[in-house]
Amino acid sequence: MNLMKEKKFGFGCMRLPVLDKGDPTSFDYELINKLFDAYLERGFNFFDTAYTYHGYQAEKAICKALVERHPRNSFQLATKLPLRDFKDSDDIERIFNEQLTNCGVDFFDYYLLHNIGSNVFVKCENYGAFDFVAKKKAEGKIKVVGMSFHDTPELLDEILSKYADRLDFVQLQINYIDWEQPNVQARRCLEIANKYSKPVSVMEPCKGGTLVNVPKEAEKLMKDYNPNASTASWALRYAASQKGVFRVLSGMNTIEQVEDNTSFMADFKPLNEEEIAIVEKVTKIINDKTAIQCTGCEYCTHGCPKNIAIPKNFALYNSIMRTTGSFSSQMVYYNNIAINHGKASECIGCKQCERACPQHLSITTYLKDVVEKFEKNSIIPTRK
Ligand code: SF4
Ligand code: SF4
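Residues numbered from 1 in each chain as written. Chains lettered and ligands numbered in written order. Predicted model: local features only at pLDDT ≥ 70, side-chain atom pairs only at ≥ 80, totals over all residues. Heavy atoms only, no water.

An unreviewed UniProt entry lists the chain under the name Aldo/keto reductase-like oxidoreductase, from Clostridium algifaecis.

This is the structure we're talking about:
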């Protein structure tokens, strides 16, 4: 299959709409159904989920909202093998079969080794994950094999030098903020994928919404150039314009977002030189105001002994630093979060979150900044 001929825009299902923001499994099926239907009606067909998304329940939600409501040949489905959680090689076959059942399908169009970094790569090798996916592909249970990658270009080079023949594509985090960001090194990772002629699928083109709600002066630059283009459109087109990128994934929570994204991705035009120059200015503005480069993926929260809502705390902190939210309203949010979660000051420094973070953030250090801002500067009493 020539992946470069596939539809260039996929529906990312890491952050589906929920009824209760504190419960990732409280799926808003009425809205999800409408979003999926609208996306399909506009001629697109690709959905990307994972075993671990939404408290390990996303695959079942996909089954209900997509697989049970649409003919199998009208969509393509991708999911991912959660190697991070595995204790031995027997887990692979067991979880793979469970995933087929969860999704209600006989095969996966795309299947990825999930969240590969140095630790998970060791598990991939020790547990024979590359052989496993090759076997399932030969059996017809997987059509296209890939890996989602979150580590250094050097590690990507090492992996592809050994396993390029097992991987049809690589999924990378590419957006204009992370292009030269030292924790992500998007440009250099893409160059490595290009070196091995591996087509690239893009995750986090809007960096978890960061590139949708940009500072006002950054938004003005984009609106002055094209009043009709959304901030999201700049981010998606930037990612899709890069060499070797065959698909960009984006999560959508409203019909307006589906309509907007599908409109410019149906008739995709790469960014021109003027637009690239504007993006470079926007990048500088955002970087100057972004304290914590968190994508909100929530990989860190599973297993936190204090149940600290790490990404929510970081989003509030960034919002204040970017002056996109008032301090008093962010304080109200902080205290509301603390009703059902540990406060940042309750962190015991075990660092299990840091081992899980695909962005390699120093979470415990940043939590101390959150404490300074929200607990020591508090103008509203925090939960006792
Ligand atoms: S270091 Fe703190 S935030 Fe991270 S898992 Fe441990 S207690 Fe939770
Ligand atoms: S701190 Fe890291 S793991 Fe946690 S949500 Fe942010 S990017 Fe994801």
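Here's the deal with the overall build of the chain
Looking only at helices and strands, one finds 16 helices and 8 strands in the chain. Dimensions of the chain along its principal axes, counting C-alpha atoms only, are 60 × 50 × 45 Å. The burial tally for the chain puts 55% of its 384 residues in the buried class. (Helix = DSSP H or I, 4+ residues; strand = E, 2+ residues; numbered from the N terminus. Buried < 20%, exposed > 50% of the residue type's maximum accessible area, 1.4 Å probe, protein only.)

Observations concerning the site of ligand 2
In the region of ligand 2, 14 residues are neighbours, and Cys294, Cys297, Glu298, Cys300 and Cys357 sit closest. Each residue belonging to the shell around ligand 2 can be placed in one class, and the counts come to 10 nonpolar, 3 polar and 1 charged. (Near = heavy atom within 4 Å. Nonpolar A, V, L, I, M, F, W, Y, C, P; charged D, E, K, R; others polar.)

Focus: the site of ligand 1
Residues in close proximity to ligand 1 total 13 residues, the closest being Cys304, Cys347, Cys350, Lys351 and Cys353. Looking at the shell around ligand 1, the elements that each hand over two or more residues are helix 15 (352–356) and helix 16 (363–376). Tallied by class, the residues present in the shell around ligand 1 amount to 9 nonpolar, 3 polar and 1 charged.

Focus: the sheet that holds strand 5 (residues 142–149)
Judged by pairing direction, the barrel is parallel, and its 8 strands sit side by side in the order 1-2-3-4-5-6-7-8 before closing back on the first. Direction aside, the axes of adjacent strands within the sheet are offset by 30° on average. Alignment of strand 5 against strand 6 (residues 169–173), held across 3 bridges, turns out to be parallel. Within strand 6, the residue paired with Gly146 across the bridge is Phe169. The strands that helix 6 (residues 129–138) touches are strand 4 (108–116) and strand 5; relative to strand 5, the one it contacts most, it runs at about 155°. The strands that helix 10 (residues 231–240) touches are strand 1 (9–12), strand 7 (200–203) and strand 8 (245–250); relative to strand 8, the one it contacts most, it runs at about 155°. (Pairing = 2+ DSSP bridges. Axes fitted to C-alpha atoms, helices over the stretch in contact; angles between N-to-C directions. Contact = heavy atoms within 4.5 Å.)

Quick word on the environment of Phe11
Inspection of the secondary structure assignment puts Phe11 in strand 1. Put simply, Phe11 and Phe46 are 35 residues apart on the chain and 6.0 Å apart in space, counted from C-alpha to C-alpha. When residues no more than four places from it in sequence are discounted, the contact partners of Phe11 are Leu16, Leu35, Phe36, Tyr39, Phe46, Phe47, Asp48, Ser250 and Met252.

Details of the packing of helix 13 (residues 310–321) against helix 16
When two helices pack together, their arrangement is given by the angle between the helix axes and the distance between those axes. Two numbers describe how helix 13 lies on helix 16: the axes approach to 10 Å, and their chain directions differ by 60°. With respect to their mutual orientation, helix 13 and helix 16 come out oblique. The interaxial crossing formed by helix 13 with helix 16 has left-handed handedness. The segment helix 13 lies against helix 16, with Ile310, Asn313, Phe314, Leu316, Tyr317, Ile320 and Met321 engaging Ile363, Tyr366, Leu367, Asp369, Val370, Lys373 and Phe374. In terms of residue class, the contact of helix 13 with helix 16 is made up of 11 nonpolar, 1 polar and 2 charged. (Parallel < 35°, antiparallel > 145°, perpendicular 65-115°, else oblique. Left-handed = near helix turned anticlockwise from the far one by under 90°.)

Some remarks on the packing of aromatic side chains
If you walk through the whole model with that rule in mind, you get 25 aromatic pairs. Measuring from ring centre to ring centre gives 5.5 Å for Phe108 and Tyr111, while their planes differ by 20°; the resulting arrangement is stacked. As far as the burial class goes, Phe108 and Tyr111 line up, both buried. Among the aromatic side chains, those forming a connected cluster through ring pairs are Phe9, Phe11, Phe36, Tyr39, Phe44 and Phe47. (Phe/Tyr/Trp six-rings, centres within 6.5 Å; stacked < 30°, edge-to-face > 60°.)

A few points about the pattern of salt bridges
Scanning the model with the defined rule gives 29 salt bridges in all. Note that Asp48 is salt-bridged to Lys80, the shortest N-O span being 2.7 Å. Of the two residues, Asp48 sits in strand 2 (residues 46–48) while Lys80 sits in strand 3 (residues 76–81), which places them 32 residues apart along the sequence. Per residue, the accessibility class of Asp48 equals that of Lys80, and both read buried. Of the charged contacts in the structure, one is a salt bridge between Arg166 and Asp131, with a shortest N-O distance of 2.6 Å. (Salt bridge = Lys/Arg side-chain N within 4 Å of Asp/Glu carboxyl O.)

Regarding the side chain of Thr290
Among the structural elements, Thr290 can be located in the loop between helix 12 (273–289) and helix 13. Separated by 2.8 Å, the side chain of Thr290 and the backbone oxygen of Ile286 make a polar contact. (Polar contact = N/O pair within 3.5 Å; in protein donor to acceptor, adjacent residues only side chain to side chain.)

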